Structures are given as structure tokens and as C-alpha cells.
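# Descriptive analysis of the structure
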Amino acid sequence: MAREQADVIVVGGGNAAFCAALAAQEQGASVIMLEAAPEEESGGNSRYTAGSVRVVYNGVDDIKALVPDLTEQEIATTAFGTYTADQFFDDMARVTQNRADPDLVELMITRSLDTFCWLRDKGVRFIPIYGRQAFKIEGKFKFWGGLTVEAVGGGPGLIKMLTEAASKRGIEIRYGTRALELLFDGVRVGGVRVRHDDAESELISRSVVLACGGFESNAEWRTRYLGPGWDLAKVRGTRFNNGDGIRMALAIGASPRGNWSGCHAVQWEMNAPEFGDLAVGDQFQKHSYPFAILINANGKRFVDEGADFRNYTYAKYGRVVLEQPGQFAWQVFDQKVKHLQRDEYKIRQVTKAGASSIEEFAHKLEGVNAQAFLNTIAEYNKAVRADVPFNPNVKDGRSTVGLPINKSNWANTIDQPPFEGYAVTCGITFTFGGLRITNDAEVLNTDYRPIRGLYAAGELVGGLFYFNYPGGSGLTSGAVFGRIAGAAAARHGRN
Ligand SMILES: Cc1cc2nc3c(=O)[nH]c(=O)nc-3n(C[C@H](O)[C@H](O)[C@H](O)COP(=O)(O)OP(=O)(O)OC[C@H]3O[C@@H](n4cnc5c(N)ncnc54)[C@H](O)[C@@H]3O)c2cc1C
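Below you will find a few notes about this structure.

Parameters and conventions
- Per-chain numbering applies: the sequence of each chain, read as written, is numbered from 1 onward.
- The predicted nature of this model means local features are confined to residues of pLDDT at least 70 and side-chain atom pairs, given and counted, to a pLDDT of 80 or more, with totals for whole chains, interfaces and linings taken over all residues.
- Excluding hydrogens and water, the side-chain values take into account all heavy atoms of the structure.
- We call a residue near a molecule or strand whenever a single non-hydrogen atom of that residue lies within 4 Å of it.
- By the criterion applied in these results, polar contacts are pairs of N or O atoms within 3.5 Å in which, for protein atoms, one can donate a hydrogen and the other can accept it, and in which residues neighboring in sequence qualify only through two side-chain atoms.
- Computed by Shrake-Rupley with a 1.4 Å probe, the accessible areas treat only the displayed protein chains as cover when residues are assessed.
- Here a helix means four or more residues in a row that DSSP labels H or I, a strand means two or more in a row labelled E, and each is numbered from the N terminus.
- Amino acid classes used here: Ala, Val, Leu, Ile, Met, Phe, Trp, Tyr, Cys and Pro are nonpolar; Asp, Glu, Lys and Arg are charged; the rest, including Gly, are polar.
- Ring geometry is summarised as follows: Phe, Tyr and Trp rings, the Trp one being its six-membered ring, pair when their centres sit within 6.5 Å, and such pairs are stacked at plane angles under 30 degrees, edge-to-face over 60 and tilted between the two.
- A 1.4 Å probe rolled over the protein chains alone gives each residue an accessible area, and that area as a share of the maximum for its type sets the label: buried under 20%, exposed over 50%, partly exposed in between.
- A ring is considered to have a charge above it if a Lys NZ or an Arg CZ atom is located within 6 Å of its centre and within 35 degrees of its normal.
- A pair of strands is labelled paired if DSSP reports no fewer than 2 bridges between them.
- Comment: axis = line fitted to C-alpha atoms, over the contacting stretch for helices; angle = value between 0 and 180 degrees taken between N-to-C directions.
- Helix crossings fall into two classes, left-handed where the near helix is turned counterclockwise from the far one by less than a right angle and right-handed where it is turned clockwise.
- Contacts: residue pairs with any heavy atoms within 4.5 Å of one another.
- A carboxyl oxygen of Asp or Glu within 4 Å of a side-chain nitrogen of Lys or Arg is what we treat as a salt bridge.
- Any angle between 65 and 115 degrees counts as roughly perpendicular, while under 35 counts as roughly parallel, over 145 as roughly antiparallel, and the rest as oblique.
- Charge assignment in this entry is limited to Lys and Arg as positive and Asp and Glu as negative, and neither His nor the chain termini are counted.
- A pair of sulfur atoms, both from cysteines and within 2.5 Å, is called a disulfide here.
- To form a nonpolar core, buried Ala, Val, Leu, Ile, Met, Phe, Trp, Tyr and Cys residues must be joined to one another through side-chain atoms within 4.5 Å.

If you check the shell around the ligand, you find 39 residues, and the closest are Glu35, Asn45, Ser46, Ser52 and Asp244. Between the ligand and glutamate 459 there is a distance of 2.9 Å, counted from an oxygen atom to a backbone nitrogen or oxygen. Across the complex, the protein chains shield 98% of the 1000 Å² of accessible surface that the ligand would expose by itself. Those elements that place two or more of their residues in the shell around the ligand are α1 (15–26), α2 (44–48), β10 (177–184), β19 (419–431) and α16 (473–491). The element best represented in the shell around the ligand is α2, accounting for 4 residues. Here the shell around the ligand is composed, by residue class, of 13 nonpolar, 20 polar and 6 charged.

This part is about the packing of aromatic side chains. In this description, an aromatic ring pair is defined by two values, namely the gap between the centres and the angle between the planes. Evaluation of the coordinates by the stated rule reveals 25 aromatic pairs. For the pair phenylalanine 80 and phenylalanine 143, a centre-to-centre distance of 5.4 Å together with 10 degrees between the ring planes defines the contact as stacked. One end of the pair, phenylalanine 80, is in the loop between β4 (78–79) and α5 (85–95); the other, phenylalanine 143, is in strand β7 (residues 140–143), and 63 residues separate them in sequence. By relative accessible area, which is 5% here, phenylalanine 80 ends up buried. We classify phenylalanine 143 as buried; its relative accessible area is 7%. Judged by centre distance (5.9 Å) and plane angle (65 degrees), the rings of phenylalanine 361 and phenylalanine 373 are edge-to-face. With phenylalanine 361 in helix α14 (residues 358–364) and phenylalanine 373 in helix α15 (residues 370–383), the pair connects residues that are 12 residues apart, well separated along the chain. For the pair shown, phenylalanine 361 and phenylalanine 373 are each scored as buried. The structure contains a cluster of three or more aromatic residues connected by ring pairs, namely Phe80, Tyr130, Phe141 and Phe143. Arginine 94 extends its terminal NZ or CZ atom over the ring of tyrosine 312, reaching a point 4.8 Å from the ring centre. If you follow lysine 286 out to its NZ or CZ, it ends over the ring of tyrosine 345, 5.5 Å from the centre.

The element strand β22 (residues 450–456) is extensively covered by neighbouring structure, given that 5 of its 7 residues are classed as buried. The pairing of strand β12 (residues 199–210) with β22 spans 3 bridges and is classified as parallel. Bridge pairing links leucine 210 to alanine 456 in β22. Sheet topology note: the strand β21 (residues 442–444)/β22 ladder contains 2 bridges and is antiparallel. By the bridge assignment for β22, leucine 444 is matched with proline 450. Between β21 and the antiparallel strand that follows it, β22, lie 5 residues; tyrosine 448 among them carries a positive phi value of about 65 degrees.

To continue, consider the packing of α1 against α16. The relative placement of two packed helices comes down to the angle between their axes together with the axis-to-axis distance. Relative to each other, α1 and α16 sit at 35 degrees, their axes nearing to 7 Å. The crossing of α1 and α16 is right-handed. Contacts between α1 and α16 involve Asn15, Ala16, Cys19, Ala20, Ala23 and Ala24 on the former and, on the latter, Leu475, Gly478, Ala479, Gly482, Arg483, Gly486, Ala487 and Ala490.

This paragraph deals with the pattern of salt bridges. With the rule as written, the count across this model stands at 27 salt bridges. For aspartate 101, the salt bridge identified is with arginine 257, shortest N-O distance 2.8 Å. On the criterion of sequence distance, the pair formed by aspartate 101 in the loop between α5 and α6 (102–110) and arginine 257 in strand β14 (residues 256–257) is long-range, its members being 156 residues apart. Side by side, aspartate 101 and arginine 257 carry an identical accessibility label, which is buried. One salt bridge connects glutamate 172 with arginine 174, and the closest N-O pair in it is separated by 2.7 Å. What makes glutamate 172 partly exposed here is its relative accessible area of 36%.

Next up on the list: the packing of α1 against helix α9 (residues 154–168). Running from N to C, α1 and α9 cross one another at 20 degrees; their axes reach a closest spacing of 10 Å. In this view, α1 runs roughly parallel relative to α9, as classed from their interaxial angle. In this structure, the crossing between α1 and α9 has a hand that is left-handed. Between α1 and α9, the residues in contact are Asn15, Phe18 and Leu22 and Leu158, Ile159, Leu162, Thr163, Ala165 and Ala166, respectively.

Our focus in this paragraph is the environment of valine 461. Tracing the chain through its elements places valine 461 in the loop between β22 and α16. On a C-alpha basis, the gap between valine 461 and valine 443 in space is 9.1 Å, while along the polypeptide they are 18 residues apart.

Here we take up the side chain of arginine 236. Considering the arrangement of structural elements, one finds arginine 236 in the loop between β13 (234–235) and α11 (244–251). Summary of buried charges: arginine 236 has no salt-bridge partner, and the nearest side chain of opposite charge, aspartate 282, is 5.2 Å away. Polar side-chain contacts of arginine 236 include one of 2.8 Å to the side chain of threonine 429. Beyond its immediate chain neighbours, meaning those up to four positions away, arginine 236 contacts Tyr48, His264, Val266, Trp268, Gly276, Asp282, Gln285, Gly427, Ile428 and Thr429.

So, on to the state of the cysteines. Under the definition given, this model contains 0 disulfides. Free of any disulfide, cysteine 19 has its nearest neighbouring cysteine sulfur in cysteine 117, separated by 13 Å. What makes cysteine 117 buried here is its relative accessible area of 13%.

The next point concerns the nonpolar core. Counting residues in hydrophobic clusters, the biggest one holds 142 residues, and the most contacted among them are Leu210 and Leu454. Of the residues forming this core, the biggest block, 10 residues, is contributed by α16. With residues up to four places along the chain from it excluded, the contact list for leucine 210 reads Val11, Leu182, Gly245, Met248, Ala249, Leu435, Leu454, Tyr455, Ala456, Ala457 and Leu460. If you look at the next biggest cluster of nonpolar residues, it comprises 25 residues, including Ile295, Ala353, Ile377 and Tyr380.

And the structure:
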């Protein structure tokens, strides 16, 4: 069997893997990245993202550090506000119900700005997210959800810039090369067995960084760990994340950690394909539901659509839709709020219904009990607190009262035709369960001792996200822990 050598092998070709590879190279290590996907499908889930990153900033100066070409005009017309470390801590504590590992959370938060500035120095460019995360009021953009910058060109742009940064620094990327097994002598990891073009070979290294995603693309593991029905979810991103990194590490005694029955899952176009489509990217998502109501096959509402800003509810509402009869729901809008629909509602690949009377509309919502739907609308309209002004930029407290499930914010009567419905199902983004790591991103065994030479970053790290997730933290976690893992892996075994 052929044998080759590198100081550090990084398994994966997404954001976490590139950050690990760049950090290892910076320490003087020779690095090979293994990407299971062929080049045209490479980049993992990271390539499917909008490229939005959650980063701590204490004012416009920090935004300028990340976006050096921000113009005076942009600064004058934008209220960036702040997103302090305390706010990020509060968000993580709240959405994970205080389950997240405090050390991992602290590292992710306190290193976020520094890490993205480091990436900027490597050639990754960022811009403010004017379209999706800021509404214009009185001529000024106001950011609202702690999510303020994105990579230029979104996920595809991020992967392109990372690939250029890696190639420029002599990091070799082997596409179509799947890691099968870790080479382990009982004490330390010293390489990987791989498959490329139906041939297997061994790559020897001082250390290995696993950054090859969760098990979201594996229908069997989803059903096994997330539970019945999860085989029916659509996969939002890559088809290549089958839990290989987790499986390889567990096979040599790694300790599992985190929310193995939990995942990030959103409302997703009902007729989307089994896996993501790079031509559509994240546009199958339907994220303007806080301004709509959600209706199931029984014609009933089933969740508080306005419980919080969408950044703090979207990642758990996919599961709620999966639990409905037939695993679908309709998002219902009237004309008053149509202007608040995000761009993704305008794509061709939508399952849409429309009518100019509510009775006609009720019969157009395929699979829905029309009479029950009409009753729901009548009750809902009566319950809206019209005395509280509507404001999409803040949690406006314009709620419903007296319903079995109230809407806490952004409630508006549904009475201005034409009416519009969009059918959604559950789209899984990534799984939360993974491996136990130290603050240096070393993988621990079941005796909680480091497995020498093995590091992990990105989706397959367990202990960070439980139940839910603050939007934009996936790329932040991958970047921060990828950088830590790569640097530690490069130092490992040096005399
Ligand atoms: C549609 C969509 C939109 C999203 N939007 C955002 C967003 O805007 N902001 C945000 O922060 N997060 C977003 N996320 C979540 C984000 O994508 C992930 O949290 C993050 O990209 C994970 O990075 P990663 O490097 O760990 O995994 P990935 O980017 O998925 O990379 C894993 C890599 O490992 C490779 N691989 C798998 N198995 C093997 C193997 N055995 N051998 C070799 N290679 C292997 C895969 O091919 C892939 O290249 C989104 C996700 C999706 C799907």
C-alpha cells in the first residue's frame, strides 16, 4: 500500500478545515487537506451558507477592523449598535438552556473578532449584511439580531477565498479523497487510511485534525440518534457529511459529547431535493415566518411564530414542522407584510398558493383542512392586540391574547388580499452531537485523557450547541476551533 507523509493532515474541506490548515501552515507545518467531495461539490456545508458570521463587536471601530473599506457614507447611514461578549454569552446561555460547555463557549466568543480579523489578514473579505439583518427606518439601516457581517460572495465566496488563501500558502488539497480510518498504535494517532478513485492508501503524519462535519447527511444515523421521522428530513447542505470523523474517532476510544439527539433544522421548501443544490444555496429556506402564521394539515397553528427574533428561533422550528402530520406546514402572509419577505421567497423553486379571497385561499392550501383553517384565521384576527404598534426591528410585544398558542410579537390580522402561502417541510442543517475536546481542541478518550495527535473542529465538536443555536455561530465555531486545532496539531510532536 502506498504511503506518503505530511506534518499535519486535515480531514475535511469546509470552513473549519481551512482554518485548521491555515493555522498549521502558519506554524511552519506541511499540510495536506483531504476532501471527500470532488472539487465541483467541495467546501462542505460552509459553501451552502450565506457566509454570515456571529462576531463580538463593541462599536463601529470593530466593524471597520473587519471591513476596512467601509465608507463614511455607509457609517453615516447605519446604526451598527454593538454585539458585546456579554450579549453573545446571554444568547448562548438562553438558546442552549444553559447546557453549553462554559469553556468552549468562552473560547468561541472571546476569540471571535480576533479570529475573523486573522482570516481577513489571510485574504477573506467581509461586508455588512444590509439585506437580511437590518431594516431601514427613517433613512437609516438598523442592525438587530447580533448578526452583522458576512463573507463577500456568501458561502461560495468564503470557500473560494479560503481555497485561494490555502493554495497561495502551499497547502495541498486532495479532492475526492475520503478518510476511512485513523492510524492508531494504541497511544497516538499517526495518520489516516484514505480512499481515492477506488484505491486505498495510507498517509502518515505527526497529527490529524478532524474537521469533516456531523452526521446530518446520513439518514440511518439521523434516525438512530435524532429519532423516528428524521430519515424524512431534507438535507440543506452537502451530501458528504456522514459522521465519518465521529465514527473514526469513536472507533479508537474517543469520548462522545453533547446533544446527540439534537440538531439545527429549519423550515425548508417542501419540494426541495434530498440534499442541497449549490445553484440554489440556502434560498430554499423560508425565514420570514415571524411576520406570518404557520398552519398545519389540520388547519391549526402549532407554534409561536413570533417568540423571538428569527435568529433565535429558526434553528429549532424545522423540528416542530417535522412533528406535524405529513411533515409539512404552510406559511401564510397577507399584503400588509409582503414587503417584509426575504429574497428567498422570490425564487422559482417555491411551492406557493395565492388567492384574493380568504375562502378561495383556504381551498388552495393543499393538504389542509379548509374549514378548520378559516376558523383559525377568524379566531386569530380577533386575538391580535391592535393597540400595540407593529415594529419589525424590535420585539414589539404586539401579540395575540387568549389563543391556545399565542403569537408573542409581530402579530397582524390576516385580512388584506391577495393572500399568499408557502409550503415548507423540515430541512436539517447539522447535528449537535460530537466529540469531547480540550481547550486546545485535542480529542479526549473515554478516560478523559487526550488521544495523542488527534484534534477536532467544526460541526463534529460536541458540547457547544444544545436544542437551538444563535444564527451565524457555526462558521464562528469552525473558525475559532479550526484555528486552535490547526495550531496545536502543528506544535504536536515537535522536539
Ligand atoms: C444551507 C445552509 C446555510 C447555512 N448558513 C450559515 C450561515 O450563514 N452562517 C453560519 O455560521 N452557519 C451557517 N450554516 C451552518 C454552517 O454551514 C456549518 O455550521 C459550518 O459550515 C460547518 O463547518 P465545518 O467545516 O465543520 O463543516 P463543513 O463545511 O460541512 O465541512 C465538512 C467537510 O468534510 C468533508 N468530509 C466529510 N467526510 C469526509 C471524509 N470521510 N473524508 C474527507 N472529507 C470528508 C465534506 O466533504 C466537507 O468538505 C449553514 C448551513 C447550511 C447547510
